[in-house]
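An overview of the molecular structure
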Amino acid sequence: MSKKRIGILTSGGDCAGLNAVIRAVVHRADLLDWEVYGIINGTAGLMKEDPEYRKLELKDFDGNMLRRGGTILGTTNKGNPFSYPMPDGTFKDRSDEIIAGAKKLGLEAIIGIGGDGSFAILQKLAAKGGIKLVGIPKTIDNDIGKTETSVGFDTAVAVATEALDRLQPTAASHDRVMILEVMGRDAGHIALSTGIAGGADVILLPEIPYSIDAVAAKIKNVKAKGRNFALVVISEAVKKSDGGSSKMEYADGERRYGGIGYTIGDEIAKATGFETRVTILGHVQRGSAPSYNDRVLASAFGVKAVDLVAEGKFDRMVAWQDRQIVDVAIADAIAAYQEVDLDGTLVHTARALGICLGDK
Ligand code: F6P
């Protein structure tokens, strides 16, 4: 009898801990005597006439894979297969090619490691093609619903906190206001956790419109009380004071975040008279080796995903809730998109520490 064969793919932006997830899946599957095919570049690998994959063996993972950033399978956060951009500028529904690719490889199920955008696409493909799907949440933004955390978030916060730790001494040496812009497409979780962990004076989140007067008053107050520097953490998705987005158009026509720190840094300098400097952390938050928390989470998620396949439970996403790994409907996780809870513990903690969140 031939072995059960499952596929695994990484989809959307990469983050730390993806290789640790893949490793855990391969280990668990090996104990069950299953084969694992790693699909190259997410669903794009299945779109090929000869689907691109790599057979994953335990021996591939006995080295540094647990510690290595990125994804050995490659990934993409572009090109919805239901409306795929073609070289001639048109858009084509290529979903049938992906479904055919999965069938060609004889995959009994696919484990998709992704964020909410990827899950929406994978779910649609699974429904159309009768593909059995299990999801594993990853995103540095930590905005996927029904799970308290996702692979990659902890590492991103660790990297951003370390950046703030490094900015503090230089801020103090030069009497400056240091601004650190962190990632977080539409949700401010990285900024909030980093700001608390790194002792920021001001944290600006996309969920709370800021007033430059409130920010300036806080910074002036810090200085008036005798401290010669201030630390400000800004989420990339914070809107400008006129309500406009800070997205920049790139050569490929896409609009992406990055740069709001400069706008607000300038406003702070004008409103306070203090010298400001801006650091935009960007993709550094994604490329690090995974933190121990992300390695543990990745390992537990990978094992649980294979167990779900073994139990025949599909269209489910593994999730972390109340110190346990559980599984939830993928649709529920997508629907429960998780912004920063303005009445939640961390917002309360920040305010109670005297951190200005921009509104007062
Ligand atoms: O969603 C994850 C994320 O890292 C966001 O925080 C960021 O805005 C975006 O991806 C960057 O995407 P790209 O890799 O396309 O630059």
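Residue positions are counted from 1 within each chain, in the order its sequence is given. Local features in a predicted model are, by the rule used here, given only for residues with pLDDT of at least 70; side-chain atom pairs are given and counted only at 80 or more, and totals for whole chains, interfaces and linings are based on all residues. The side-chain numbers reported here are obtained from all heavy atoms of the structure, hydrogens and water having been left aside.

Focus: the overall build of the chain
Check the secondary structure of the chain and you find 11 helices and 15 strands. Atoms counted for the radius of gyration: C-alpha only. Globule rule: 2.2 Å times residue count to the power 0.38. A compact globule built from 360 residues would reach a C-alpha radius of gyration of about 21 Å, and the chain, at 22 Å, matches this within 12%. Referenced to the eigenvectors of the C-alpha coordinate spread, the extents of the chain come out at roughly 75 × 45 × 35 Å. Taken over 360 residues, the chain has a buried fraction of 51%. Residue pairs at least 24 apart in sequence account for 71% of intrachain contacts in the chain once pairs closer than 6 positions are excluded. Of the roughly 15,800 Å² of accessible surface on the chain, 49% is carried by carbon and sulfur atoms. None of His or the chain ends enter the tally, which takes Lys and Arg as positive and Asp and Glu as negative. A charged residue contributes its charge at one atom only: NZ of Lys, CZ of Arg, CG of Asp or CD of Glu. Counting 44 positive and 47 negative side-chain charges, the chain places the averaged centre of each group 2 Å from the other. Helix and strand assignments follow DSSP, with helices taken as H or I runs no shorter than four residues and strands as E runs no shorter than two, numbered in order from the N terminus. Classification of residues uses two cut-offs on accessible area relative to the type maximum, computed with a 1.4 Å probe and protein chains only: under 20% is buried, over 50% is exposed, and between them is partly exposed. In this analysis, two residues are considered to be in contact whenever any of their non-hydrogen atoms come within 4.5 Å of each other. Areas reported as accessible are Shrake-Rupley estimates using a 1.4 Å probe. Residue values count occlusion only from the protein chains shown.

Re a positive patch on the surface
Patch building starts from residues that exceed 30% relative accessible area and form no salt bridge, then joins like charges within 9 Å and nonpolar side chains (Val, Leu, Ile, Met, Phe, Trp, Tyr) within 5 Å. Whenever Lys or Arg places a side-chain nitrogen within 4 Å of a carboxyl oxygen from Asp or Glu, that contact is recorded as a salt bridge. On the surface, R185, K239, K240, K247 and R255 cluster together into a patch of positive charge. Note on placement: K247 falls in the loop between β10 (230-235) and β11 (248-249).

Quick look at the sheet that holds β10
If you walk across this open sheet you meet the 4 strands as β9-β10-β8-β13, and the pairing is parallel. Each edge of the sheet is formed by a strand with only one pairing partner; in this case those strands are β9 (202-204) and β13 (276-280). Between one strand axis and the next, the sheet turns by 15 degrees as a mean value, whatever way the strands run. If DSSP finds at least two bridges between two strands, the strands pair. Of the pairings in the sheet, the one linking strand β8 (residues 177-182) to β13 comprises 5 bridges and is parallel in character. For helices, the axis comes from a line fit to the C-alpha atoms of the stretch in contact; other axes are also lines fit to C-alpha atoms, and the angle between any two N-to-C directions lies between 0 and 180 degrees.

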